[in-house]
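# Examination of the molecular architecture
Here is how the chains run, residue by residue.
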Amino acid sequence: MNQAVITLYTTRFCPYCMRARALLSRKGVTYSEINVGHDAALWQEMETVSGRDTVPQIFIGEVHVGGYDDMAALDRAGKLDTLLFNQTPSQGE
(Lines give C-alpha, C1' and ligand atoms only; values in the text may rest on other atoms or scores of the structure.)
Protein backbone atom coordinates (compact mmCIF):
# COMPACT_ATOMS: atom_id res chain seq x y z
CA MET A 1 0.00 0.00 0.00
CA ASN A 2 1.21 3.47 -0.82
CA GLN A 3 1.19 5.89 2.05
CA ALA A 4 0.20 9.50 1.44
CA VAL A 5 2.58 12.31 2.33
CA ILE A 6 1.49 13.56 5.74
CA THR A 7 2.47 16.96 7.13
CA LEU A 8 1.68 18.23 10.62
CA TYR A 9 2.11 21.81 11.76
CA THR A 10 2.62 21.50 15.52
CA THR A 11 4.11 22.86 18.69
CA ARG A 12 6.10 20.67 21.01
CA PHE A 13 3.84 20.38 24.06
CA CYS A 14 0.38 20.95 22.59
CA PRO A 15 -1.87 18.12 23.87
CA TYR A 16 -3.80 17.93 20.59
CA CYS A 17 -0.50 17.72 18.69
CA MET A 18 0.53 14.85 20.95
CA ARG A 19 -2.76 13.07 20.26
CA ALA A 20 -2.35 13.56 16.51
CA ARG A 21 1.17 12.10 16.63
CA ALA A 22 -0.08 9.14 18.70
CA LEU A 23 -2.96 8.39 16.32
CA LEU A 24 -0.69 8.46 13.28
CA SER A 25 1.86 6.29 15.09
CA ARG A 26 -0.86 3.74 15.91
CA LYS A 27 -1.69 3.69 12.20
CA GLY A 28 1.95 2.90 11.47
CA VAL A 29 2.49 5.83 9.13
CA THR A 30 5.36 8.26 8.85
CA TYR A 31 4.85 12.00 8.74
CA SER A 32 6.74 15.25 8.49
CA GLU A 33 6.38 17.66 11.34
CA ILE A 34 6.82 21.42 11.12
CA ASN A 35 7.26 22.92 14.59
CA VAL A 36 5.81 26.42 14.45
CA GLY A 37 6.23 27.10 18.18
CA HIS A 38 9.15 29.50 18.03
CA ASP A 39 9.00 30.67 14.44
CA ALA A 40 6.57 33.44 13.49
CA ALA A 41 7.23 32.91 9.78
CA LEU A 42 6.32 29.23 9.98
CA TRP A 43 3.22 30.06 12.02
CA GLN A 44 2.20 32.54 9.31
CA GLU A 45 2.83 29.87 6.66
CA MET A 46 0.55 27.50 8.57
CA GLU A 47 -2.19 30.12 8.78
CA THR A 48 -1.87 30.89 5.09
CA VAL A 49 -2.07 27.29 3.86
CA SER A 50 -4.70 26.12 6.36
CA GLY A 51 -6.80 29.22 6.99
CA ARG A 52 -6.59 28.46 10.72
CA ASP A 53 -4.51 29.79 13.60
CA THR A 54 -4.44 26.78 15.92
CA VAL A 55 -2.26 23.69 16.09
CA PRO A 56 -2.11 21.03 14.97
CA GLN A 57 -2.96 21.55 11.32
CA ILE A 58 -2.84 18.28 9.43
CA PHE A 59 -2.40 17.71 5.72
CA ILE A 60 -2.70 14.28 4.14
CA GLY A 61 -1.53 14.54 0.57
CA GLU A 62 -3.15 17.67 -0.81
CA VAL A 63 -6.09 17.41 1.63
CA HIS A 64 -6.22 19.79 4.59
CA VAL A 65 -7.78 17.54 7.22
CA GLY A 66 -7.89 20.23 9.91
CA GLY A 67 -6.93 19.62 13.51
CA TYR A 68 -6.75 16.53 15.70
CA ASP A 69 -10.51 16.44 16.36
CA ASP A 70 -11.14 16.50 12.61
CA MET A 71 -8.68 13.67 11.99
CA ALA A 72 -10.12 11.61 14.88
CA ALA A 73 -13.63 12.08 13.45
CA LEU A 74 -12.43 10.78 10.07
CA ASP A 75 -10.93 7.77 11.85
CA ARG A 76 -14.16 7.05 13.73
CA ALA A 77 -16.08 7.29 10.44
CA GLY A 78 -13.72 4.79 8.83
CA LYS A 79 -12.42 7.32 6.29
CA LEU A 80 -8.94 8.10 7.61
CA ASP A 81 -7.25 4.98 6.25
CA THR A 82 -8.52 5.82 2.76
CA LEU A 83 -6.67 9.15 2.93
CA LEU A 84 -3.59 7.74 4.60
CA PHE A 85 -3.08 4.90 2.18
CA ASN A 86 -4.12 6.56 -1.08
CA GLN A 87 -7.07 4.29 -1.60
CA THR A 88 -9.88 5.38 -3.86
CA PRO A 89 -13.08 5.94 -1.84
CA SER A 90 -15.99 3.65 -2.67
CA GLN A 91 -19.04 5.02 -4.46
CA GLY A 92 -21.34 6.85 -2.08
CA GLU A 93 -18.65 7.97 0.37
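Every chain is numbered independently, its residues counted from 1 as its sequence is written. Given that this is a predicted model, residues contribute local features only at a pLDDT of at least 70 and side-chain atom pairs are listed and counted only at 80 or more, while totals for whole chains, interfaces and linings are drawn from all residues. Side-chain numbers come from the whole structure's heavy atoms, not from hydrogens or water.

In the annotation of an unreviewed UniProt entry, the entry for the protein reads Glutaredoxin, and the organism field reads Thiothrix lacustris. Within the UniProt record for the protein, the comment given under Sequence similarities (unreviewed entry) is "Belongs to the glutaredoxin family." If you open the UniProt record of the protein and go to Function (unreviewed entry), you find "Has a glutathione-disulfide oxidoreductase activity in the presence of NADPH and glutathione reductase. Reduces low molecular weight disulfides and proteins." UniProt positions are given in the numbering used here, feature names are shortened, and annotations may be inferred rather than shown by experiment.

## Details of the overall build of the protein
Within the protein one finds 4 helices and 4 strands. A helix here means a DSSP run of H or I that spans at least four residues, while a strand means a run of E at least two residues long, and both kinds are numbered starting from the N terminus. Scanning the protein from its N terminus toward the C terminus, one meets helices and strands in the order β-α-β-α-β-β-α-α. A globule of 93 residues ought to have a C-alpha radius of gyration of about 12 Å, and the protein, at 13 Å, matches this closely. Reported as C-alpha extents along the three principal axes, the dimensions of the protein are approximately 40 × 25 × 20 Å. Across the 93 residues in the protein, those meeting the buried criterion constitute 35%. Values of the radius of gyration come from C-alpha atoms, whereas the globule rule sets the reference at 2.2 Å times the count of residues to the power 0.38. Think of it in three bands: with a 1.4 Å probe and only protein chains considered, a residue is buried below 20% of the maximum accessible area for its type, exposed above 50%, and partly exposed in between.

## Some details on the environment of Leu42
Tracing the sequence through the fold places Leu42 in helix α2 (residues 40–50). A relative accessible area of 23% places Leu42 in the partly exposed class. Counting along the chain gives 33 residues from Leu42 to Tyr9, while the straight-line C-alpha distance between them is 8.7 Å. By definition in these notes, contact holds between two residues if any of their heavy atoms fall within 4.5 Å. Ignoring any residue separated from it by four or fewer positions in sequence, one finds Leu42 in contact with Tyr9, Ile34, Asn35 and Val36.

## Points about the packing of helix α1 (residues 15–27) against helix α3 (residues 68–76)
Each axis is a line fitted through C-alpha atoms, taken for helices only over the stretch in contact, and angles between the N-to-C directions span 0 to 180 degrees. Where α1 contacts α3, the two axes come as close as 9 Å, and the packing angle between them is 30 degrees. Judged by the angle between their axes, α1 and α3 are roughly parallel. Judged by the sense of rotation from one axis to the other, the crossing of α1 with α3 is left-handed. Residues Tyr16, Arg19, Ala20, Leu23, Leu24 and Lys27 of α1 lie in contact with α3, whose contacting residues are Tyr68, Asp69, Met71, Ala72 and Asp75. Any angle that falls under 35 degrees is termed roughly parallel, while one over 145 is termed roughly antiparallel, one within 65 to 115 roughly perpendicular, and all others oblique. Here a crossing is called left-handed whenever its near helix is offset anticlockwise from the far helix by less than a right angle, and right-handed whenever the offset is clockwise.

## So, unusual backbone geometry
Following Val55, the chain continues into Pro56 via a peptide bond in cis, with omega recorded as -5 degrees. Mapped onto the fold, Pro56 is located in the loop between α2 and β3 (57–60).

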